[in-house]
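# Working through the structure, step by step
Below are the chains, spelled out letter by letter.
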Amino acid sequence: QVYKGLDIITNKVSPQEQRLCRHHMISFVDPLVSNYTVVDFRDKAVPLISYIFARNKIPIVVGGTNYYIESLLWKVLIDTKEKASLAPGLVTDRKVELEQLDGIELHRRLSQVDPEMAAKLHPHDKRKLARSLQVFEETGIPHSEILHQQQDEEGGGPLGGPLKYPHSCILWLHADQAVTWGGPRRVGRRDLSCSGGVEISLCSERGCSDPCLLFSRQDYQHGIFQSIGFKEFHEYLVSEGNCSPETSAVLLQKGIQALKQVTKRYARRQNKWVRNRFLRRPGPNVPPVYGLEVTDLLRWEEDVLKPALEIVESFIQGREPPAEPVKMEYDVNENKRSHRVCELCDRVIIGDREWAGRIR
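Residues numbered from 1 in each chain as written. Predicted model: local features only at pLDDT ≥ 70, side-chain atom pairs only at ≥ 80, totals over all residues. Heavy atoms only, no water.

Right, let's talk about the packing of aromatic side chains for a bit. Inspection of the entire model under this criterion finds eight aromatic pairs. With a centroid separation of 6.4 Å and an interplanar angle of 70°, the aromatic rings of Tyr3 and Tyr36 are classed as edge-to-face. Placement of the pair is Tyr3 in the segment before α1 (7–10) and Tyr36 in the loop between α2 (15–20) and α3 (38–54), with a sequence separation of 33 residues. Like Tyr36, Tyr3 is buried. Here the aromatic rings of Trp74 and Phe278 are separated by 5.7 Å at their centres, their planes lie at 20°, and the arrangement is stacked. Residue Trp74 is located in the loop between α4 (66–73) and α5 (94–98), and its partner Phe278 is located in helix α14 (residues 245–279); the two are separated by 204 residues in the primary sequence. (Phe/Tyr/Trp six-rings, centres within 6.5 Å; stacked < 30°, edge-to-face > 60°. Helix = DSSP H or I, 4+ residues; strand = E, 2+ residues; numbered from the N terminus. Buried < 20%, exposed > 50% of the residue type's maximum accessible area, 1.4 Å probe, protein only.)

Encoded structure:
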């Protein structure tokens, strides 16, 4: 939602709702900027949060990208060199350069400078390997050592450094999976006839008259183009004007089906992230998570709005909320970054749980 325009693909809050409550950090980054990162997000969001607190107001962070929310809750990110520019096309990020290398080569390089971090990362996880190498190159300190320093700070824990805002609480809206897939306005029935709108809005934003040229040169790995809703329609967008209407219609339907599938996988990953990062992590530096059931939209007032207001008001007044936070069993001895090799398959397996599943 930080990118200018593209209101269809990014599903922004409506102008009417924005007038009811002040919104921040919407539509301010050029869509063709490919090196906007979670660090940029944090560096702009944290001063805004301080500004809202200074006015005796309560900042509410809304969204589904949990990694970005984590960057605000904990001291978990590492600053490296200043970027030279956020102008379109001027990518100076060393991480992007490193990602052009083969994963095996990245893993070999990381093993030489930070064997502990290399042992935790899969050789195919190019993004994390490149990031760890970038951290070492630009700070001179192994990535693993910096993470240990953060976790060892007073109030730190498995998720990183101490909580930045000790009185935070998380409201987790979740629905029954069958309803999520098939209910009105949910994933399964999402209005998917929007690829033309994506193409038109992006091209008009950039003054581009040839969508084939714009989309054919994208790698879909950085910036707005890695979002769901672009790469799924790649064949359709780059073939426009170069194939029959019948073929174009087939490619459009193919993109729609791909979009449905990848959106379902993303929804599952989001729920898994909440469970693993917030509910199964021991330590005092995890804020309470309150589950709100959104399966039946007709019961929004009773199931969501009323309990949410009661929880937040309790926090404001310094008393225990009437609702109980979500609890989940976890194994304190589980190692999520253990490194094993399945000799039968010649595959690297990261994590105790993944290894147990492999054995089964």
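This is not the end of the story, as more comes after the structure.
A word on the packing of α3 against α4. At a minimum axis distance of 9 Å, the contact between α3 and α4 shows a crossing angle of 50°. As the angle between them shows, α3 and α4 are arranged oblique. Along this stretch, α3 crosses α4, giving a crossing that reads as right-handed. Counted together, Val38, Phe41, Arg42, Ala45, Val46 and Ile49 of α3 and Tyr67, Tyr68, Ser71 and Leu72 of α4 form the full contact between these two elements. (Axes fitted to C-alpha atoms, helices over the stretch in contact; angles between N-to-C directions. Parallel < 35°, antiparallel > 145°, perpendicular 65-115°, else oblique. Left-handed = near helix turned anticlockwise from the far one by under 90°. Contact = heavy atoms within 4.5 Å.)

For the rest of this paragraph, the subject is the pattern of salt bridges. Enumeration over the complete set of coordinates arrives at eight salt bridges. Across the pair Asp352 and Arg340 runs a salt bridge whose closest N-O atoms are separated by 3.2 Å. Here Asp352 is found in helix α16 (residues 352–359), whereas its partner Arg340 is found in strand β3 (residues 339–342), with 12 residues between them in sequence. On the accessibility criterion, Asp352 (23% relative accessible area) is partly exposed. For Arg340, a relative accessible area of 29% puts it in the partly exposed group. Each of Arg94, Glu97 and Glu137 takes part in one network of salt bridges that share partners. (Salt bridge = Lys/Arg side-chain N within 4 Å of Asp/Glu carboxyl O.)

Attention shifts here to the nonpolar core. Within the largest apolar cluster, 15 residues are counted, with the highest numbers of intra-cluster contacts made by Leu73, Trp74, Leu77, Ile170, Trp172, Phe278 and Val289. Ranked by residues supplied to this core, first place goes to α14 with three residues. Core analysis: the next-biggest nonpolar cluster, separate from the first, contains 11 residues, Val2, Met25, Ile49 and Tyr165 among them. (Core = buried A, V, L, I, M, F, W, Y, C linked by side-chain atoms within 4.5 Å.)

Here the focus is the side chain of Glu70. Tracing the chain through its elements places Glu70 in helix α4. In this structure the side chain of Glu70 is engaged in a polar contact, spanning 2.9 Å, whose partner is the side chain of Trp273. For Glu70, the contacting residues outside a window of four places in its chain are Val76, Trp273, Arg277 and Phe278. (Polar contact = N/O pair within 3.5 Å; in protein donor to acceptor, adjacent residues only side chain to side chain.)

Attention shifts here to helix α8 (residues 126–139). For the α-helix, the turn length of 3.6 residues means that residues three or four positions removed from each other point alike. Compared with an ideal rise of 1.5 Å per residue, which puts 14 residues at 20 Å, α8 spans 20 Å between its outermost C-alpha atoms and is within 8% of the ideal. Buried residues of α8: Leu129, Ala130, Arg131, Ser132, Leu133, Gln134 and Val135, and no others. The inward-facing, buried residues of α8 abut α5, α6 (103–113), α7 (115–120) and α9 (143–152). Immediately downstream of α8, the backbone of Gly140 shows phi near 80°, a positive value. (Expected span 1.5 Å × (residues − 1).)

When pLDDT is low, close inspection of the predicted coordinates is not appropriate. Scored by pLDDT, the chain has a mean of 78; 77% of the residues are at 70 or more. Here helix α11 (residues 195–206) stands out as the least confident element of the chain, with mean pLDDT 48; helix α15 (residues 300–317) is the most confident, with 93. Throughout residues 188–197 the model reports pLDDT below 50, and contacts reaching past four residues in sequence, or to other chains, amount to 21 contacts. A low-confidence stretch, residues 203–209 (pLDDT under 50), is modelled with 10 contacts involving residues beyond four sequence positions or located in other chains. (pLDDT = per-residue confidence, 0-100.)

Once that is clear, we can look at unusual backbone geometry. For Ser27, which is not glycine, the phi dihedral falls at a positive 60°. Judged by its relative accessible area of 30%, Ser27 falls in the partly exposed class. If you check the backbone angles, Asn56 has positive phi at about 60° while not being a glycine. With respect to the secondary-structure elements, Asn56 resides in the loop between α3 and α4.

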